[in-house]
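So you can see what is in the structure, the chains are spelled out below.
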Amino acid sequence: AIKAMKETQPAAASLLAVRQSIQSSLDLAEVLNIASAERRQAVRVFLQVDPSDPMYKYHSGGIIETLEKLLVEFVEDKRVLDEDWAVTKKSYEDTIASLKQKLDENALAMDQLESDIEELKGEIAEARETLVNAEATLKDDQLYMK
């Protein structure tokens, strides 16, 4: 819109095109809440001017200045939001990596525990066999002693 206003003559058709471009930019600024209310009001006043009115004179200096200030504000706000997003994204990626590492560690621990369980089952079976043999020997010895 700024470029169009600087490069064009005050023809009604070109002013209407600029007006539509500015209106869409203003709508975007309003939705994102990135322009002050004072700046938005200044742009709204500009949009209310009828370029086909013979009383209208093309005075673009203040309008271009306002649009350039808005552009600076938008660019700065976008830079800040991009920085915030980079921090948020880094935090997200670090959290995901940490959780994946914990999952891998837990999977290894579970595998080790399953191996330990199998080993302990074997030891329990051996201990039962030894106990059964000892009980049998005890019974045999008791019978022998009678």
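Residues numbered from 1 in each chain as written. Predicted model: local features only at pLDDT ≥ 70, side-chain atom pairs only at ≥ 80, totals over all residues. Heavy atoms only, no water.

Visitor: Give a description of the overall build of the protein that names residues and reports values.
Guide: Per the secondary structure count, the protein includes four helices and zero strands. Secondary structure of the protein in N-to-C order comes out as α-α-α-α. Expressed as a percentage of its 146 residues, the buried residues of the protein come to 15%. When contacts within the protein are restricted to residue pairs at least 6 apart in sequence, those whose partners lie at least 24 apart make up 67%. (Helix = DSSP H or I, 4+ residues; strand = E, 2+ residues; numbered from the N terminus. Buried < 20%, exposed > 50% of the residue type's maximum accessible area, 1.4 Å probe, protein only. Contact = heavy atoms within 4.5 Å.)

Visitor: Hey, could you go over the nonpolar core for me, with residue numbers and the actual values?
Guide: If you look at the biggest cluster of nonpolar residues, it comprises 11 residues: Val18, Ile22, Leu26, Ala29, Ile34, Ala35, Val43, Leu47, Ile63, Leu67 and Leu70. Where this core is concerned, the elements lending two or more residues are helix H2 (12-32), helix H3 (37-48) and helix H4 (61-145). Take this core: its biggest share by element is four residues, from H2. Setting aside anything within four residues of it in sequence, one finds Leu26 in contact with Arg40, Val43, Arg44 and Leu47. (Core = buried A, V, L, I, M, F, W, Y, C linked by side-chain atoms within 4.5 Å.)

Visitor: Can you explain the pattern of salt bridges? Please cite residues and give values.
Guide: Side chains that differ in charge, positive against negative, can pair when their charged atoms come close. Tallying each qualifying case throughout the model produces five salt bridges. Put simply, Lys78 and Asp82 hold a salt bridge, and the shortest N to O gap is 2.7 Å. Of this pair, Lys78 and Asp82 both sit in helix H4, four residues apart, roughly one helical turn. Given a relative accessible area of 40%, Asp82 falls into the partly exposed group. With a closest N to O distance of 3.7 Å, Glu118 and Lys121 form a salt bridge. Taken as a pair, Glu118 and Lys121 lie in helix H4 at a separation of three residues, close to a single helical turn. Among the ionic contacts, a cluster of salt bridges with common partners joins Glu76, Arg79 and Glu83. (Salt bridge = Lys/Arg side-chain N within 4 Å of Asp/Glu carboxyl O.)

Visitor: Could you give me a rundown of the environment of Arg39, with the residues and numbers involved?
Guide: Inspection of the secondary structure puts Arg39 in helix H3. Separated by 28 residues in sequence, Arg39 and Leu67 have C-alpha atoms that sit 8.7 Å apart.

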